[in-house]
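Chain residues, written in single-letter form:
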Amino acid sequence: KTAYEIYQCDWSSDVCSSDLSFIDLLILISLSCIFVVMFSLLMKTSVGGMFSGLISHQHRLAFFTGTLAVCSWLYMIFIRSLLGFTIGEWACGLRLGQPHERLQSSYVLRVALRSSLILLSGIVTLPVMSLLFGKDIAGICSGLHLFSLK
């Protein structure tokens, strides 16, 4: 028994569900800025010099982009596995899975699958499609649904 009511998300009427991707995207952009500053400190160069080096050398740009994608994926898996939600989902009163599901050994694997699907679709595509179709598409594919506390 919980101290709050849990309802399956109604994607057709939940306006906040479209905002959660944007909030998480802003978090990832801010983490990227921190990453850029830390990377430039490690490379002992200015941020501007680092960007000009990335643009002129394709292998550096590919490495930087790949590192950013992996960090984004790890952020989504790590924070969802520990807390049951991302910061965007928390701001909208959403939780990933029922409380009893978070105790199952397969929870982290389902979080990884859901996060991978969202990241591979470009972070915004699946949540927008879910809003348009009124169904949690990533939840249907991964078996791990978002639930509203409202």
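(A) Structural detail: the overall build of the protein. From N to C terminus, the protein includes seven helices and three strands. Ordered by position in the sequence, the α and β elements of the protein form the string β-α-α-α-α-β-α-α-α-β. Classification of the 150 residues of the protein by burial places 38% in the buried group. Of the contacts made within the protein by residues no fewer than 6 positions apart, 69% connect residues no fewer than 24 positions apart. Taken as a whole, the protein presents about 8700 Å² of accessible surface, with 73% of it coming from carbon and sulfur.

(B) How the structure looks around the nonpolar core. If you look at the biggest cluster of nonpolar residues, it comprises ten residues: Leu20, Ile77, Cys92, Leu94, Leu96, Tyr107, Val111, Ala112, Leu144 and Leu146. Those elements that provide at least two residues to this core are strand E2 (94–96) and helix H5 (107–120). Counting nine residues, the second-largest nonpolar core is a separate cluster that includes Leu28, Leu126, Ile137 and Ala138.

(C) Local environment of the packing of helix H2 (residues 47–56) against helix H3 (residues 58–83). Contact pair H2 / H3: the axes reach a minimum separation of 5 Å and the direction vectors enclose 110°. With respect to each other, H2 and H3 are oriented roughly perpendicular. Of H3, the residues touching H2 (which contributes Met50, Gly53, Leu54, Ile55 and Ser56) are Gln58, Arg60, Leu61 and Phe64. Looking at side-chain class alone, the contact of H2 with H3 contains five nonpolar, three polar and one charged residues.

(D) Highlighting the pattern of salt bridges. Evaluation of the coordinates by the stated rule reveals three salt bridges. Residue Glu89 is joined to Arg80 by a salt bridge in which the shortest nitrogen-to-oxygen separation is 2.3 Å. Neither residue differs from the other here; Glu89 and Arg80 are each classed as buried.

(E) Examining H5 more closely. With 14 residues, H5 extends 20 Å between its outermost C-alpha atoms, agreeing within 8% with the 20 Å of an ideal straight helix rising 1.5 Å per residue. Those residues of H5 that sit buried are Tyr107, Arg110, Val111, Ala112, Arg114, Ser115, Ser116 and Ile118. Along its buried surface, H5 packs onto H3, E2, helix H6 (125–133), helix H7 (137–142) and strand E3 (146–148).

(F) Layout of the side chain of Arg114. Following the sequence through the fold, Arg114 ends up in helix H5. Here the side chain of Arg114 touches Leu144 through a polar contact of 2.7 Å, landing on its backbone oxygen.

Rules used in this analysis
Residues numbered from 1 in each chain as written. Predicted model: local features only at pLDDT ≥ 70, side-chain atom pairs only at ≥ 80, totals over all residues. Heavy atoms only, no water. Helix = DSSP H or I, 4+ residues; strand = E, 2+ residues; numbered from the N terminus. Buried < 20%, exposed > 50% of the residue type's maximum accessible area, 1.4 Å probe, protein only. Contact = heavy atoms within 4.5 Å. Areas by Shrake-Rupley, 256 points an atom, 1.4 Å probe, with all protein chains shown as cover. Core = buried A, V, L, I, M, F, W, Y, C linked by side-chain atoms within 4.5 Å. Axes fitted to C-alpha atoms, helices over the stretch in contact; angles between N-to-C directions. Parallel < 35°, antiparallel > 145°, perpendicular 65-115°, else oblique. Nonpolar A, V, L, I, M, F, W, Y, C, P; charged D, E, K, R; others polar. Salt bridge = Lys/Arg side-chain N within 4 Å of Asp/Glu carboxyl O. Expected span 1.5 Å × (residues − 1). Polar contact = N/O pair within 3.5 Å; in protein donor to acceptor, adjacent residues only side chain to side chain.

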